[in-house]
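# Remarks on the overall topology
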Amino acid sequence: MSVIIILFITAILALYSGVLGTGKYSQPISIMGLIIAFMGTFYGDFSFFEQYKFMFNFDHSAQIFTQISIITTLLIFALGRFAFKLIDHHQAEIYSLLLFSLCGGIILFSFQNLVTLFLGIEILSIPLYVLAGSNKIDLRSNEASIKYFLMGAFATGFLLFGIALIYGTTGSFDISTIRQYSINTLHFPTIYITGIILMLVGLLFKISIAPFHFWAPDVYEGSPSLITAFMASVIKICGFVALYKLLEFVFVGQLNDWQYIIFYLAIITLLTANIIGVLQRNAKRMLAYSSISHAGYLLLIYFNSDANSIYILAFYLLAYSLSTVGVFASLIYIERVSHGMTDICMFNGLAKKQPILALTTTISLLSMAGIPLTSGFIAKFSLFTQTLKTQPILVIVAILGSAISIAYYLKIIIAMYFNSEYKELTVAKKAPFTYNLVAIIVIVLIIALGVYPEPLFNCLELISLR
C-alpha cells in the first residue's frame, strides 16, 4: 500500500505543478515518483497497513506485476514531452491522471475483496475516460472519450450486478470465503452462475476480448498516441491479472464451466482480430486489433495451468508491453510529423530519417509476431507449450493467428525500409534524445529476453519465494 501512496502523492505534486504555472516540471516529478515507487516494491509495507490486509494484500505476484507496470509507465512517460508538445498547457493534468489510473491498476493486483476489485477498476478507468478526450481540438479524440465512457459505464454495470449476485449467494465479498463456497458446493444456484458470467463480461470488456472489443479500434485511434500506448500496455496488464486472479483463485470450483466459455472466446478473438487486422490501413487501428489478438493469446494461460503459469503470464505481459512501447515511440514521432495522420503510408522511408526508431519498430513488431530470438517468441512458445497438452486445437488456432498477424506487421516494416520517403519526413526534425534512449532500451531488452530468458524467469521465481 505504501507504493500506492507514493504514486498518489506524486500525482498530486504533478497536478499542483500545473496549478502553480510550472507544468514543465510535471514530467520529471512523475518520473522521479515512479522510480521511488519502483524501489518501494522491494520493501515490505509498514506494520500500520497490516490491518487492511483483508481488503488489500500486496503479495509476491502483485509485486511482480506492479514492477512490470511501473517499468512500462516509466518508458511511456519518457516519451511524453515530445508527444504532448501541442497540448503543453495540459501536461500536468495528463501525467497526474495517468498516475491515478496506475494506482487503480495496482489495486487490481492485490485485491482481497470484490469491493476492492470494483474500486480498483473504477480508479483505473475514470481517468482514462478523460484522457481519451484530452486533445480537445480533435473531434476523433472527443468521440473516443464519449464512446469509451459510455461503453465503460455499461460494462461496469455488468460487473457491479455480477458482484451483487455473488454476494447474494455467498453472503460475503471476501474472495477467500467465495473460493471456499466455490470448492465446497456441489450444485451451484443459477443466480451464482449468472453472477460469474456478468463479472466475466465486465472484465472481458476491459481487456477487449471479442465480442466485447468493438470500442477498442475507435478509442485507440481517437486518443492521443501516448494515452493509447498506456491503454494497450499497462491497462492490459492490470485487467488481465485481475481476471486471472478471479478465475484461477476465486471461481476455481467452476473450472470446467468457465474454461468451456474461454475456449470459444479465445478462438473467436484470435480469428476475428487477426483477419480484420490485415484489412487495416491505419496504424493505430491495426495496433488495436493486434492488442485484441494478444488478449486472445493470453486466454490460453487458463488451460493446464500450474505453479509456473504466473511466471509465463508475467513474462508474456512484459514482452508485449516492451513491444508496444517500441512501436508507439515511432508512431508518436510519425503523428507529430504528419500533423495527426497515422496511416501506414506515413511510415514510408522512416529507416532513412530515423534508423534507430525504425529498427525498434521492426524488432517490436517481430516480437509481437513471435519470431525467434525475440522475447515475444519465448513468451508465445512457453504459453503454447503449456496449453498443448490439453487443448491442441486451441494452440493450432493460435499459431494460425500468429501466421496471419505477420501479414499486417510486415506492412509497416516494408513501408519503413522499401518505400520512398514520405514527403513530411524529409524536412522533419530528428527525434528527441529520449526517444532514441527508449528505443535502445527496448531493443536490448527484447533481444536479451529472447536470446537468454532464464535470468528473468529465475528472478521471478526468487521474488515469489521471498
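So, here is what we can say about the structure in this document. (Residues numbered from 1 in each chain as written. Predicted model: local features only at pLDDT ≥ 70, side-chain atom pairs only at ≥ 80, totals over all residues. Heavy atoms only, no water.)

### A short note on the overall build of the protein
- Looking only at helices and strands, the protein has 21 helices and zero strands in total.
- Compactness check: the protein gives a C-alpha radius of gyration of 21 Å against a globular reference of 23 Å for 466 residues, within 12% of the reference.
- Relative to all contacts within the protein whose residues are 6 or more apart in sequence, the contacts with residues 24 or more apart total 81%.
- For the protein, the exposed surface amounts to about 18300 Å²; the carbon and sulfur share of it is 71%.
- Measuring between centres, the 24 positive side-chain charges of the protein sit 9 Å from its 20 negative side-chain charges. (Helix = DSSP H or I, 4+ residues; strand = E, 2+ residues; numbered from the N terminus. Rg over C-alpha atoms; globule rule 2.2 N^0.38 Å. Contact = heavy atoms within 4.5 Å. Areas by Shrake-Rupley, 256 points an atom, 1.4 Å probe, with all protein chains shown as cover. Lys, Arg positive; Asp, Glu negative; His and termini not counted. Charge placed at Lys NZ, Arg CZ, Asp CG, Glu CD.)

### Examining the pattern of salt bridges
- As enumerated under the stated definition, the model contains five salt bridges in all.
- A salt bridge links Glu143 to Lys147; the nearest nitrogen and oxygen atoms lie 3.4 Å apart. Of the two residues, Glu143 and Lys147 are both situated in helix H7 (residues 139-170); the distance of four residues between them amounts to about one turn of the helix.
- The exposure class of Glu143 is partly exposed, given its relative accessible area of 39%.
- For Lys147, a relative accessible area of 26% puts it in the partly exposed group. (Salt bridge = Lys/Arg side-chain N within 4 Å of Asp/Glu carboxyl O. Buried < 20%, exposed > 50% of the residue type's maximum accessible area, 1.4 Å probe, protein only.)

### Some thoughts on the side chain of Thr361
- Here Thr361 lies in helix H16 (residues 355-369).
- Sequence-distant contacts of Thr361, that is, excluding residues within four places in its chain, are made with Gly326, Val327, Ser330, Ile412 and Met416.

### Quick word on the packing of helix H3 (residues 60-78) against helix H5 (residues 91-110)
- Running from N to C, H3 and H5 cross one another at 165°; their axes reach a closest spacing of 9 Å. As the angle between them shows, H3 and H5 are arranged roughly antiparallel. Relative to H5, H3 is oriented so that their crossing is right-handed. Where H3 approaches H5, its residues Ala62, Phe65, Thr66, Ser69, Ile70, Thr73 and Phe77 are matched on the opposing element by Tyr95, Leu98, Leu99, Leu102, Ile106, Phe109 and Ser110. (Axes fitted to C-alpha atoms, helices over the stretch in contact; angles between N-to-C directions. Parallel < 35°, antiparallel > 145°, perpendicular 65-115°, else oblique. Left-handed = near helix turned anticlockwise from the far one by under 90°.)

### Observations concerning a nonpolar patch on the surface
- Judged by side-chain polarity, Ile197, Tyr260, Ile261, Tyr264 and Ile268 come together as a nonpolar surface patch covering roughly 480 Å² of accessible area.
- Residue contributions to the nonpolar patch peak at four residues, all from helix H12 (residues 255-278).
- The exposure class assigned to Ile261 is partly exposed, which follows from its relative accessible area of 34%. (Patch = residues over 30% accessible without salt bridge, like charges linked within 9 Å, V, L, I, M, F, W, Y side chains within 5 Å.)

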